[in-house]
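Here is what each chain is made of, one letter per residue.
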Amino acid sequence: MAVIYINNDPYEVQEGRSLLEVCLSLGFDIPYFCWHPAMHSVGACRQCAVKQFKDKDDKHGFIVMSCVTGTEDGMRISIDDPEVIEFRRGIIELLMTNHPHDCPVCDEGGECHLQDMTVMTGHVERHFRFKKRTYRNQNLGPFINHELNRCIQCYRCVRFYKDYAGGRDFDVFGIHNRIYFGRDKDGKLESEFSGNLVEVCPTGVFTDTTQYRHYTRKWDLQTAPSVCVHCSVGCDIIPGERYGTLRRIRNRYNHHVNGYFLCDRGRYGYEFINREDRIRSPLLVNNGKAAPIPEEAAYSQVSVLLSTGKTIGIGSPRASLESNFALKRLVGNDNFYAGISSSEFELTTLVIEIIKNSGLQIATLREMSESDAALIIGEDVSNTAPMMALALRQSIHQKRYEYTDKLGVPRWNALAVKQAGEFDQGPFYLATAGNTRLDGIATAAFKGTPDEIASLGSTTAKLIDGGGESEKIKKHHEFASKMAKDLENAARPVIVTGISQGSAEILKAAVNLALTLKSKGAGAKLAIVLPECNSLGLGLLGGKGGLDDALNLLRSGEAQNVLILENDIFRRIPTDVAEEALSGAKVVVLDHSPTATTDKADLVLPVGTYADCDGTLVNYESRTQRFFQVMSPSPGAVEPWRRLAAIAEALNTYDANSFPGRDSLTQWTNFDDVLATLVEEYPVFRPILDIAPPAAYRIAGMKVARQTHRYSGRTSIAANLNIHEQQPPEDVDAPFNFSMEGYHGEPPSSLIPRYWAPRWNSVQSLNKFQAEVGGKLIGGDPGRRLLKPKLNAGMQRYEIELKSFEPKEGAWFIMPIYEVFGSEELSAKSPPILSVTPKPYLVLSAKDAESLELENDSPLVLKIDGSEYNLKTKIELGVTDGTALLSVGLPGMKYVNLPSWGKIEKSFF
């Protein structure tokens, strides 16, 4: 530690960090633009000036830029020296020379970092009287609006997009004061992280196009902490609501998980909540036609439908832990099914066993970004877990840091580090079914079938252990040897895998490899991608089996009734199987959006989304996190557990033995009651009680306000209904108010509804909520892990059963691939996401396409298990001859069980 003097007062700080970081961490206000805590310093804006003195007798000093000045023991600086204040004021006036000063019409107004810094420096009067430089703005697609005339050339956008996120279609053009940040031509930004430009940019150059369509100023948004529901990573988000419409999603910082960024699926997938076809009232189906009915009649109808026969429940990996638990409690443990295919259920169970018993630590996104060697085996994380891909992109820079550390170049000096270590890249390997967006940074990439991928992993483990290579993979021995050497030489390697290929052998090979590395003394970590936001939580709840088992009961007549929770089973099971099973049963569906399953229901009960409810999700690393209701209560948007509790109450004349948990549900009055019952029955979930305060929590006698202290139009919101101000709804489930009344200071980190601090109205105010800049939030980051690995466990390696890939004449081995936009169910219902979702396609090698006389975008017919799929052709290098990759989950694409063999024919239509 070092002692430095700021404005003549001593402070103990960490030596070697940049002066700007240190001052911000201590709570001082220093204006800046180009510096970003995730991308560090380049000294481009000259705004963060301070005065440094040689010693205590130096009265003159000299101006330095704090972002590119390291802290040293005994150094003395002044933040508010008059010369420094005048220097900053002059710099920002120069930066603002060509700015249009259009704050009243700028989407960023009221949360603009440029506004904050302008006020902070005291620049209040323009002296520039000449013609301003202007630019033509570009169409950058459905997510981002471009207004370059507001640019102050801080370089943040291009540094994030190119250097941090690896985008290649956005750059800086020009020279001197004619610099242009954009694409070489109009067109959608290709990176799946482009939406971060909205928050990275300190001005209004890049703004949220989706918010623009229903624009509201920041101070008029009702906000609450939440969790993204579009993959298993569990990024922290802040949704914003106004007039019953969700208006936008912003990043909520979590040091362990998403840090400062979000992927575009998480940022723009929210508009399924606003769709006009949302289910808002109970629907009773008669003769194939659905008609709305009153709530009371709906519960009476439930009693009629479930009054005879056995009832089973089907849960969902996209529903909250509490909702799944309520359903399981109602129908009984022996009648609850997980709502995923039986193969996925078995794989999820295997994942839980691995996390519990392997002795391997599960890597957080932060740990992935700091790993010094990485292998992705069998999972295209760019599409199934995009933020994981962003974290892994940072891992290749660790070797660069090791080199510049030896040179004495501090890591915060981004430009010097980049120039000195430009050609130093850490080992990064890929073994996947098809090409990925990470191939461009890979040391080497392997493409093959699931068994070939598993064999590669197994061979690599044997080579590290000193054994020979597998006979089945001799042709890839050179690849495996190089990878084995790099992984073995690493101090912090990470192995990333998943279950998207439906292969237990890939999982086992990944675990064996990580265990082998650990046995050699490396700090190896593992990460396993799961399909959906609560896949692991659902797996921990368990069940009698998967969807196949549940539907078999319905098909055989052993069960006559079924309650389906937030699940479109047609996405998970063949259409004919699902239709046959549901056709002879009484079907009650609880969901918020219409699906093929709601179309087959006898009764549909509307429930709320993550924006309408409180709940808990468990991410891939077993981190459990709370999301809180942000939308004011509205008809139909009822918590699923409350809906199930009402069903239990409606069954009060029915035989209680058929619904063993009915009585406990009727006793629940709020969310805390559900949690108390959950942790009593499942001790593994006990950490949930510590991740957020209960509903009775108060700060200075107050709840936390969802609305800002500047909330406007309050008395006119419902003026069309009543000229008198209405009583705000009471929230009995959480320590939040649906009002501007309440606590507006810094609440516990799990309850932070927005980032806003005096003088800091933009997202940069996050600095005020961190224990130190770039570090954890004050009080710790949200979430707790449920499963802690047995670090001293000596788990035996898994036995792996592998098959050689033998091409079949006239048939192709079909494997699944996924799209970041379209393959995930909920985001695919969002119009902006839908606008960039591709049509279903099949990827072939050039040789196979030629043999079928197919070109790119040629129509073809794929035949699998008696079903036909009309698709477009996509030709890619690297795909193994005799194999093909089928896009799955896309709108209009029926379920197909993969991997499988299929026939391909040229289509003439």
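Shown above is the structure to which this text applies.
## Re the overall build of the chain
Right, on to step 1. Regarding its fold elements, the chain presents 27 helices and 37 strands.
Right, on to step 2. A compact globule built from 909 residues should have a C-alpha radius of gyration of about 29 Å, and the chain, at 28 Å, falls within 12% of that.
Right, on to step 3. In terms of its C-alpha atoms, the chain occupies a principal-axis envelope of roughly 90 × 75 × 60 Å.
Right, on to step 4. The long-range fraction of contacts in the chain, counting pairs at least 24 apart against all pairs at least 6 apart in sequence, stands at 74%.

## Regarding the packing of helix α8 (residues 295–305) against helix α23 (residues 640–650)
Right, on to step 1. Direction vectors running N to C along α8 and α23 enclose 65 degrees, while the axes themselves pass 9 Å from each other. The two elements α8 and α23 cross, and the hand of that crossing is right-handed. Judged by residue contacts, Glu295, Tyr299, Val302 and Ser303 of α8 engage Arg643, Ala646, Ile647 and Ala650 from α23.
Right, on to step 2. When the residues that make up the contact of α8 with α23 are grouped by side-chain class, the tally is five nonpolar, one polar and two charged.

## Some remarks on the side chain of Ser830
Right, on to step 1. Here Ser830 shows up in the loop between β32 (812–817) and α26 (831–834).
Right, on to step 2. Its relative accessible area of 0% is what places Ser830 among the buried residues.
Right, on to step 3. Reaching out from Ser830, the side chain makes a polar contact with the backbone oxygen of Tyr268 at a distance of 2.9 Å.
Right, on to step 4. When sequence neighbours within four positions are dropped, the list of residues in contact with Ser830 reads Tyr268, Gly269, Tyr270, Glu271 and Phe272.

## Comments concerning the sheet that holds strand β25 (residues 586–591)
Right, on to step 1. Spatial ordering of the open sheet is given by β15-β14-β26-β25-β24-β16-β17, a layout of seven strands whose pairing is mixed. The open sheet has two edge strands, β15 (289–292) and β17 (336–337), and neither has a second partner.
Right, on to step 2. Pairing of β25 with strand β26 (residues 603–606) involves four bridges; the strand directions are parallel. Residue pairing in the sheet places Asp591 in a bridge with Pro606 of β26.
Right, on to step 3. Along the sheet, α23 contacts β24 (561–565), β25 and β26; its crossing angle with β25, the most-contacted strand, is approximately 145 degrees.

## Quick notes on the pattern of salt bridges
Side chains carrying opposite charge are able to pair once their charged atoms draw close together.
Right, on to step 1. Counted according to the given criterion, the structure contains 43 salt bridges.
Right, on to step 2. Between Glu271 and Arg213 there is a salt bridge; the shortest N-O distance is 3.0 Å. Placement of the pair is Glu271 in the loop between α7 (264–268) and β14 (283–286) and Arg213 in the loop between α6 (209–212) and β10 (222–223), with a sequence separation of 58 residues.
Right, on to step 3. By relative accessible area, Glu271 is classed as buried at 9%.
Right, on to step 4. Residue classification places Arg213 among the partly exposed residues on the basis of a relative accessible area of 49%.
Right, on to step 5. A salt bridge links Arg278 to Asp612, with the nearest nitrogen and oxygen atoms 3.5 Å apart. In this pair, Arg278 is assigned in the loop between α7 and β14 and Asp612 in the loop between β26 and β27 (615–618), connecting sequence segments 334 residues apart. With respect to burial, Arg278 and Asp612 carry one shared label: buried.
Right, on to step 6. Because the salt bridges share partners, they merge into one network encompassing Arg318, Glu566, Arg571, Asp591 and Glu825.

## Remarks on the state of the cysteines
Right, on to step 1. Summed over all chains, the structure comprises zero disulfides.
Right, on to step 2. With no disulfide partner, Cys106 has as its closest neighbouring cysteine sulfur the one in Cys112, 6.1 Å distant.
Right, on to step 3. As a non-bridged cysteine, Cys613 has Cys533 as the owner of its nearest cysteine sulfur, 13 Å distant.
Right, on to step 4. Taking the relative accessible area as the measure of exposure, Cys613 reaches 3% and is therefore buried.

## Overview of the environment of Tyr299
Right, on to step 1. Relative to the assigned elements, Tyr299 resides in helix α8.
Right, on to step 2. Placed 352 residues apart in sequence, Tyr299 and Leu651 show a C-alpha to C-alpha distance of 8.6 Å.

## A look at the sheet that holds strand β31 (residues 784–785)
Right, on to step 1. Read across the sheet, three strands follow the order β27-β28-β31 without closing on themselves; strand pairing throughout is antiparallel. Only two strands of the sheet have a single partner each, and these edge strands are β27 and β31.
Right, on to step 2. When strand β28 (residues 623–627) meets β31, the two strands line up antiparallel, connected through two bridges. From the neighbouring strand, Arg623 faces β31, where its bridge partner is Arg785.

## Quick word on the packing of aromatic side chains
Right, on to step 1. Applying the stated criterion to the full structure yields 25 aromatic pairs.
Right, on to step 2. For the pair Phe143 and Phe821, a centre-to-centre distance of 5.7 Å together with 65 degrees between the ring planes defines the contact as edge-to-face. Residue Phe143 is found in the loop between α3 (113–121) and β6 (144–146), and its partner Phe821 is found in the loop between β32 and α26; the two are separated by 678 residues along the sequence.
Right, on to step 3. Assessed through its relative accessible area of 2%, Phe143 is described here as buried.
Right, on to step 4. Take Phe821: its relative accessible area is 7%, and that puts it in the buried class.
Right, on to step 5. Their ring planes at 85 degrees and their centres at 6.1 Å tell us that Phe325 and Tyr682 sit as a pair that is edge-to-face. Placement of Phe325 in helix α9 (residues 321–331) and of Tyr682 in the loop between α25 (671–681) and β29 (704–705) is noted, with a sequence separation of 357 residues between them.
Right, on to step 6. One aromatic cluster is present, built from ring pairs that chain together Phe160, Tyr164, Tyr253, Tyr260 and Phe261.

## Details of the layout of surface pockets
Right, on to step 1. By volume, the second largest pocket amounts to about 1200 Å³.
Right, on to step 2. Lining the second largest pocket are 47 residues, with Arg571, Arg572, Val888, Gly889 and Tyr895 positioned closest to its centre.
Right, on to step 3. Contributions of two or more residues to the lining of the second largest pocket are made by α10 (342–357), α12 (381–384) and α21 (575–583).
Right, on to step 4. At three residues, the largest contribution of residues to the lining of the second largest pocket is made by α10.
Right, on to step 5. Partitioned by chemical class, the residues of the lining of the second largest pocket number 19 nonpolar, 15 polar and 13 charged.

## Comments concerning unusual backbone geometry
Right, on to step 1. Between Leu898 and Pro899 the backbone carries a cis peptide bond, its omega angle lying at 0 degrees.
Right, on to step 2. A positive phi is found at Asn8, a non-glycine position, where the angle reads about 75 degrees.
Right, on to step 3. One non-glycine residue, His176, adopts positive backbone phi at about 60 degrees.

## Notes on the environment of Ala490
Right, on to step 1. By the element assignment, Ala490 lies in the loop between α17 (477–489) and β22 (493–498).
Right, on to step 2. Accessibility expressed as a relative area gives 8% for Ala490, which makes it buried.
Right, on to step 3. For the pair Ala490 and Gly523, spaced 33 residues apart in sequence, the C-alpha separation works out to 8.4 Å.
Right, on to step 4. When residues no more than four places from it in sequence are discounted, the contact partners of Ala490 are Asp372, Ala373 and Ala522.

## Some details on the pairing of β28
Within a regular strand, side chains alternate between the sheet's two faces.
Right, on to step 1. Counting buried residues in β28 gives five out of five residues, a clear majority hidden from the surface.
Right, on to step 2. By the alternation rule, side chains of β28 split into Arg623, Gln625 and Phe627 and Thr624 and Arg626, which are all buried.
Right, on to step 3. The pairing of β27 with β28 spans four bridges and is antiparallel. Across the sheet, the residue bridging to Val618 is Thr624, located in β28.
Right, on to step 4. Following β27, the chain reverses through four residues before pairing antiparallel with β28; Ser622 in that reversal takes a positive phi of roughly 70 degrees.

## Notes on α10
Right, on to step 1. Between the first and last C-alpha of α10 there are 22 Å, a value that for 16 residues agrees with the 22 Å anticipated at 1.5 Å per step.
Right, on to step 2. Restricting attention to buried positions, one finds in α10 the residues Ser342, Glu344, Phe345, Leu347, Thr348, Leu350, Val351, Ile352, Ile354 and Ile355.
Right, on to step 3. Turning to α10, the residues buried within the fold contact β18 (361–362), α18 (504–519), β23 (525–529), α19 (535–541) and α20 (547–556).
Right, on to step 4. Remark: Gly359 follows α10 within two positions and exhibits a positive phi of approximately 85 degrees.

Definitions and limits used
- Counting restarts for each chain: residues are numbered from 1 in the order of the written sequence.
- Note on the predicted model: pLDDT of at least 70 is required for a residue's local features to be given, and 80 or more for side-chain atom pairs to be given and counted; whole-chain, interface and lining totals, by contrast, use all residues.
- Hydrogen atoms and water are omitted, and side-chain values are computed over all heavy atoms in the structure.
- Here a helix means four or more residues in a row that DSSP labels H or I, a strand means two or more in a row labelled E, and each is numbered from the N terminus.
- For this measure, only C-alpha atoms enter the radius of gyration; the expected value for a globule follows 2.2 Å times N^0.38, where N is the number of residues.
- Only heavy atoms enter the contact rule, under which two residues are in contact if any of them lie within 4.5 Å.
- Each axis is a line fitted through C-alpha atoms, and for a helix only the stretch in contact is used; angles between axes span 0 to 180 degrees, taken between their N-to-C directions.
- The hand of a helix crossing depends on one turn: near helix anticlockwise from the far one by less than a right angle means left-handed, and clockwise means right-handed.
- Side-chain classes follow a simple rule in which Ala, Val, Leu, Ile, Met, Phe, Trp, Tyr, Cys and Pro form the nonpolar group, Asp, Glu, Lys and Arg form the charged group, and the remainder, Gly included, forms the polar group.
- Categorising residues by exposure relies on relative accessible area from a 1.4 Å probe, with only protein chains included: less than 20% of the type maximum marks a residue as buried, more than 50% marks it as exposed, and the intermediate range marks it as partly exposed.
- Pairing of N or O atoms within 3.5 Å defines a polar contact, subject to two protein rules: one partner must be a possible hydrogen donor and the other a possible acceptor, and residues neighboring in sequence count only if both atoms are side-chain atoms.
- Criterion used throughout: strands pair if DSSP finds at least two bridges between them.
- Any Lys or Arg side-chain nitrogen found within 4 Å of a carboxyl oxygen on Asp or Glu counts as a salt bridge.
- Any cysteine sulfur atom paired with another within 2.5 Å is treated as part of a disulfide.
- Note on aromatic contacts: the rings of Phe and Tyr and the six-membered ring of Trp form a pair at centre separations within 6.5 Å, being stacked when their planes are under 30 degrees apart, edge-to-face when over 60 apart, and tilted otherwise.
- The definitions used throughout rest on a 1 Å grid laid over the protein atoms alone, on which a cavity is an enclosed set of points accommodating a 1.4 Å probe that cannot get out and a pocket is an open set flanked by protein within 12 Å on both sides along at least five of seven lines; lining residues are those having an atom within 4 Å of a point.
- Grid points are joined across faces, edges and corners, and a volume is the space filled by probe spheres set on the points.
- An expected span of 1.5 Å times one less than the residue number is assigned to each helix.

None of the figures reported here should be taken as evidence of function without further support.
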